[in-house]
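# Residue-level structural notes
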Amino acid sequence: MDEISEVVDSRSMAPTKEAVIEVLRPVQDPELHRSIVDLEMVREVEIDGQSVRVLIALTVAGCPLKAEITERVTNAVMPLEGVKKVEVEMTVMTPEELQGIRQKMGGSTGVAAHGHGTAAREMPFAKSRTRVLAITSGKGGVGKSTVTVNLAVALAAQGHDVGIIDADVYGFSIPQMLGVEDEPEIDSGGMVIPPVAHGVTCISIGFFVEDEKPVMWRGPMLHKALEQFLVDVKWGDLEFLLIDMPPGTGDVALSIAKQLPQAETYVVTTPQNAAQRVARRSGAMAREVGSPVAGIIENMTGSVFGEGGGAELAASLNAPLLAQLPLVSALREAGDKGLPVVVS
């Protein structure tokens, strides 16, 4: 009898669907600043005893504010009498539904939020758990892409969710070095589904241009392409996003600095004195735009390129020397075969 009475009591205390909707009405979308109920983002409310499941429709997939919305919904529903557990699930609006919201908001340009509005474009991943690591160098040929690929694969092997953006638009190499066999796909909402290799999700301009055809773009086109890589790609909930930066301090570096001000900068150099002097400019630029120089990586250590460059660069930038990687043929061969050396 006691067990039966407990069941009856739990059912009598269970909240109603109407009560859940009412407590969600004051909850605002963090980008649109309108009620998620009024915006018809609340698609389903299911109640099972003392558990409540809420299905929220995001305006676009890969929404960087997903965690914030989840927290707001949970905090609103949990105080209801009889609620012991809140589960928030996400779906994505269709293009037609998104257009309906635009009309409801009066055609405001900020309506395409969570990846398409102005504020979201300026700071993608700002409110997610993603750590953005910008792997840069002063000059080409120092092994920056090799470092990026092997670091990404090593992190993935440890169980982390990892992605790479090949931002070296003119000298893209990530797809080949990762051994990517699949092409990106487009989902029903127009989002790019990036391919995965060795547990690492990646996107590169190399997927969208013909083989051997040079990329001849000016600054605005580069900026637009990188913006799309950030907000129109279905990244999911990454823990690490590595950016394989182009060498130097040109348009791409400035675009990344503007769109991802939270990025940590890691500078790759060879032991050669001339290389570290050029690399110092990349570190100095990172500091100028507010990106902390988190560390220096010396590649091709113990080779004909001399010695001491990494330590000297670390001292000049007041950053730690994190690693000294030897120049070995296996590293080069692994990259050429699309099988990173941390795997092979």
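How each quantity is defined
Residues numbered from 1 in each chain as written. Predicted model: local features only at pLDDT ≥ 70, side-chain atom pairs only at ≥ 80, totals over all residues. Heavy atoms only, no water. Helix = DSSP H or I, 4+ residues; strand = E, 2+ residues; numbered from the N terminus. Buried < 20%, exposed > 50% of the residue type's maximum accessible area, 1.4 Å probe, protein only. Contact = heavy atoms within 4.5 Å. Axes fitted to C-alpha atoms, helices over the stretch in contact; angles between N-to-C directions. Parallel < 35°, antiparallel > 145°, perpendicular 65-115°, else oblique. Left-handed = near helix turned anticlockwise from the far one by under 90°. Nonpolar A, V, L, I, M, F, W, Y, C, P; charged D, E, K, R; others polar. pLDDT = per-residue confidence, 0-100. Polar contact = N/O pair within 3.5 Å; in protein donor to acceptor, adjacent residues only side chain to side chain. Core = buried A, V, L, I, M, F, W, Y, C linked by side-chain atoms within 4.5 Å. Arc of directions from axis to C-beta. Salt bridge = Lys/Arg side-chain N within 4 Å of Asp/Glu carboxyl O. Patch = residues over 30% accessible without salt bridge, like charges linked within 9 Å, V, L, I, M, F, W, Y side chains within 5 Å. Areas by Shrake-Rupley, 256 points an atom, 1.4 Å probe, with all protein chains shown as cover. Pairing = 2+ DSSP bridges.

### Here's the deal with the environment of Val233
Relative to the elements of secondary structure, Val233 occurs in the loop between helix 8 (219-231) and strand 10 (240-244). By relative accessible area, Val233 is classed as buried at 3%. In sequence terms Val233 and Glu185 are 48 residues apart; their C-alpha atoms lie 9.9 Å from each other. When neighbours within four sequence positions are excluded, Val233 is seen to be in contact with Met191, Val192, Pro194, Ile203 and Gln228.

### Remarks on the packing of helix 10 (residues 273-288) against helix 11 (residues 309-317)
At their nearest, the axes of helix 10 and helix 11 sit 9 Å apart, and the two run at 30° to each other. Here helix 10 lies roughly parallel to helix 11, going by the angle between them. Crossing geometry of helix 10 relative to helix 11 is assigned as right-handed. Contacts between helix 10 and helix 11 pair Asn273, Gln276, Ala279, Arg280, Gly283, Ala284 and Arg287 from the former with Gly309, Glu312, Leu313, Ser316 and Leu317 from the latter. The residue makeup of the contact of helix 10 with helix 11, split by class, is four nonpolar, five polar and three charged.

### Describing the confidence of the model for the protein chain
For the protein chain, the average pLDDT comes to 80, and 83% of its residues sit at 70 or higher. Every residue in residues 1-11 scores below 50 in pLDDT, and together they form zero contacts with partners more than four places removed in sequence or on other chains. Scored below 50 in pLDDT, residues 107-122 shows 42 contacts in the model against residues more than four places distant or in partner chains.

### Thoughts on the side chain of Asn150
You can see Asn150 is positioned in helix 6 (residues 144-157). Residue Asn150 is classed as buried on the basis of its relative accessible area, which comes to 11%. At 2.9 Å, the side chain of Asn150 and the backbone oxygen of Thr146 are in polar contact. Contacts of Asn150, omitting those with residues within four sequence positions, involve Leu331, Pro340, Val341 and Val342.

### Brief notes about the environment of Leu39
Its location among the elements puts Leu39 in the loop between helix 2 (17-24) and strand 1 (42-48). On a C-alpha basis, the gap between Leu39 and Ile101 in space is 6.7 Å, while along the polypeptide they are 62 residues apart.

### Details of the nonpolar core
Ranked by internal contacts, the top residues of the largest apolar core, which has 48 residues, are Ile165, Leu178 and Ile243. With six residues, the top contributor of residues to this core is helix 6. Excluding residues within four positions of it along the chain, Leu178 makes contact with Val149, Val153, Ile164, Ala197, His198, Val200, Cys202, Gly338 and Pro340. Residues Leu32, Ala57, Leu80 and Ile101 belong to the second largest nonpolar core, which totals 25 residues.

### Side note on helix 12 (residues 329-337)
Among the residues of helix 12, those classed as buried are Leu331, Ala334 and Gly335. The buried residues of helix 12 all sit within an arc of 95° when viewed along its axis, so they share a single face. Along helix 12, the residues that are exposed and aim more than 90 degrees away from the buried face are Arg332 and Lys337.

### What about the pattern of salt bridges?
Inspection of every chain in the model, using the stated rule, returns eleven salt bridges. Residue Glu68 pairs with Arg72 through a salt bridge whose shortest N-O separation is 2.8 Å. Placement of both Glu68 and Arg72 in helix 3 (residues 66-77) is noted, with a separation of four residues, approximately one turn of the helix. Each of Glu44, Glu46, Arg53 and Glu89 takes part in salt bridges that share partners, so that together they form one network.

### Some points on a nonpolar patch on the surface
Together, Val304, Phe305 and Leu327 line one region of the surface with nonpolar side chains, adding up to about 310 Å² of accessible area. Structurally, the position occupied by Phe305 is in the loop between strand 12 (293-301) and helix 11.

### A short note on the sheet that holds strand 13 (residues 321-326)
Spatially, 8-9-5-10-4-11-12-13 is the arrangement adopted by the eight strands of the open sheet, whose pairing is mixed. The sheet is open, and its two borders are formed by strand 8 (196-197) and strand 13, each paired with just one other strand. In this sheet, strand 11 (residues 264-269) lies alongside strand 4 (residues 131-137) in parallel orientation, the contact comprising five bridges. Paired with Leu133 across the strands is Glu264, a residue of strand 11. Relative to strand 12, helix 11 is tilted by about 165°, and along the sheet it contacts strand 11, strand 12 and strand 13.

### Digging into unusual backbone geometry
Phi at His198 is positive, roughly 55°, even though this residue is not glycine. When you line up the elements, His198 lands in the loop between strand 8 and strand 9 (200-204). Of the residues examined, His198 reaches a relative accessible area of 31% and is grouped as partly exposed. Even without being glycine, Met300 reaches a positive phi, approximately 65°. Relative to the helices and strands, Met300 is located in strand 12.

### Brief notes about the environment of Pro26
By secondary structure assignment, the location of Pro26 is in the loop between helix 2 and strand 1. C-alpha separation for the pair Pro26 and Val73, spaced 47 residues apart in sequence, amounts to 10.0 Å.

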